[in-house]
Amino acid sequence: MTLTAPAVFETVPLEAQLRPAELVSREWLTSGYVRLRLAGDALRGFTAPGADDHVRIFFAGEGAPVPATTEEWRELPSREYTPLNADPEAGWVEFDFVIHGDGPGSAWAAGAPLGTKVAVAGPRRSNAVTREPDAWFLAGDETAVPAICRFLRARRPGTPARVIVEVAPENEFVPVPTDHATHLTVLVRGRDKLRLMDALGVLGERDRPQGTVLGFVAAEAAVVPAARALLHDRWELPAESVITKGYWRR
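All figures in this text were calculated on a predicted structure; none of them were measured in a lab. (Residues numbered from 1 in each chain as written. Predicted model: local features only at pLDDT ≥ 70, side-chain atom pairs only at ≥ 80, totals over all residues. Heavy atoms only, no water.)

(A) Quick look at the nonpolar core. Counting residues in hydrophobic clusters, the biggest one holds 27 residues, and the most contacted among them are Leu 138, Ile 148 and Phe 216. Sorting the residues of this core by element identifies strand E10 (135–141), helix H3 (145–154), strand E11 (161–167), strand E13 (213–220) and strand E14 (242–248) as the ones contributing at least two each. With near-sequence residues (within four places) excluded, Phe 216 lies in contact with Asp 52, Phe 137, Leu 138, Ala 139, Ala 144, Ala 147, Ile 148, Phe 151, Ile 243 and Tyr 247. (Core = buried A, V, L, I, M, F, W, Y, C linked by side-chain atoms within 4.5 Å. Buried < 20%, exposed > 50% of the residue type's maximum accessible area, 1.4 Å probe, protein only. Helix = DSSP H or I, 4+ residues; strand = E, 2+ residues; numbered from the N terminus. Contact = heavy atoms within 4.5 Å.)

The structure is reproduced here in structure tokens:
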């Protein structure tokens, strides 16, 4: 009997660059979730091959001098984000931002005028998928939606995917691509009894998809232990087939 090797995530180093750009468009997908496009000649050739790839965006203040060197850019406020869409030939990249609080990224995403200058650094590494899994398990809060969307778009057509997303009420209809093989559960904070951590906790061995599974869970850091308990302990997925990340900390 020949056993099929499981699908795994393989970390691939990339040559990181810092690329100056500017904000060219803003599209509100919900009242708390916005899609921004950055463009510029330096973004030609930009690539982020992995669905969970991260880049760091450096924000130049409105009316402030535009940094002339990499060192000057790196002194500015910055945050990490997952690229959602990119055209390396045309020289643009799109990011989805969750609007929350008054952090530098959220405030910039909500109100920066078109034409505002930024710089995009990275990604420094990529989680490539080796071999096709029989099924996917994807879960997270709003901050993980771009990566979840990219995983769903990149998977083999028709591959089963169980997806759980926890969102604020204003983000209930954040777009997530689905098809006949996708089982999507949206948990709305303050309305649904279950939170993401609870939902991960109630899944047991019988809920494990058949065959080889790739699992990805990213959310507030406190969710990570529940994700690992499910994917590693109860479902017994190998470490190389799982990504669990705390994207932010309460």
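Anyway, onward from the coordinates.
(B) Region of the structure containing the environment of Ala 119. In this fold, Ala 119 is placed in strand E8 (residues 117–121). Owing to a relative accessible area of 0%, Ala 119 belongs among the buried residues under this scheme. Sequence separation of Ala 119 and Ala 21 is 98 residues, and the distance between their C-alpha atoms is 5.6 Å.

(C) Main features of the packing of aromatic side chains. Tallied over the entire structure, the rule returns eight aromatic pairs. Ring centres 5.0 Å apart and planes at 45° place the aromatic pair Phe 59 and Trp 108 in the tilted group. Remark: Trp 108 occurs in helix H2 (residues 104–111) and Phe 59 occurs in strand E4 (residues 55–59); sequence separation between them is 49 residues. Residue classification places Phe 59 among the buried positions, given a relative accessible area of 5%. Put simply, the rings of Phe 9, Trp 136, Phe 151 and Phe 216 touch in pairs and so form one group of aromatic residues. In this structure, Arg 37 is placed above the aromatic ring of Trp 92, and the distance from its NZ or CZ to the ring centre is 3.6 Å. (Phe/Tyr/Trp six-rings, centres within 6.5 Å; stacked < 30°, edge-to-face > 60°. Lys NZ or Arg CZ within 6 Å of the ring centre and 35° of its normal.)

(D) Summary view of unusual backbone geometry. Residue Pro 123 follows Gly 122 across a cis peptide bond; omega there is 0°. Within the secondary structure, Pro 123 sits in the loop between E8 and strand E9 (125–130). Positive phi, normally seen in glycine, also occurs at Arg 131, with a value near 70°. The topology assignment puts Arg 131 in the loop between E9 and E10. Since its relative accessible area comes to 42%, Arg 131 is described here as partly exposed.

(E) Summary view of the sheet that holds E13. Reading across the sheet, the five strands line up as E12-E11-E10-E13-E14 and stay open at both edges, with parallel pairing between neighbours. Whereas interior strands pair on both sides, the edge strands pair on one side only; in this sheet they are strand E12 (182–188) and E14. Between one strand axis and the next, the sheet turns through 5° on average, direction left out of account. The sheet contact formed by E10 and E13 spans six bridges and is parallel. Across the sheet, the residue bridging to Gly 140 is Ala 218, located in E13. Across the sheet, H3 touches E10, E11, E12, E13 and E14, and the angle it forms with E10 is around 165°. In the packing of helix H5 (residues 224–234) onto the sheet, the strands contacted are E10, E13 and E14, and the crossing angle to E14 comes to about 170°. (Pairing = 2+ DSSP bridges. Axes fitted to C-alpha atoms, helices over the stretch in contact; angles between N-to-C directions.)

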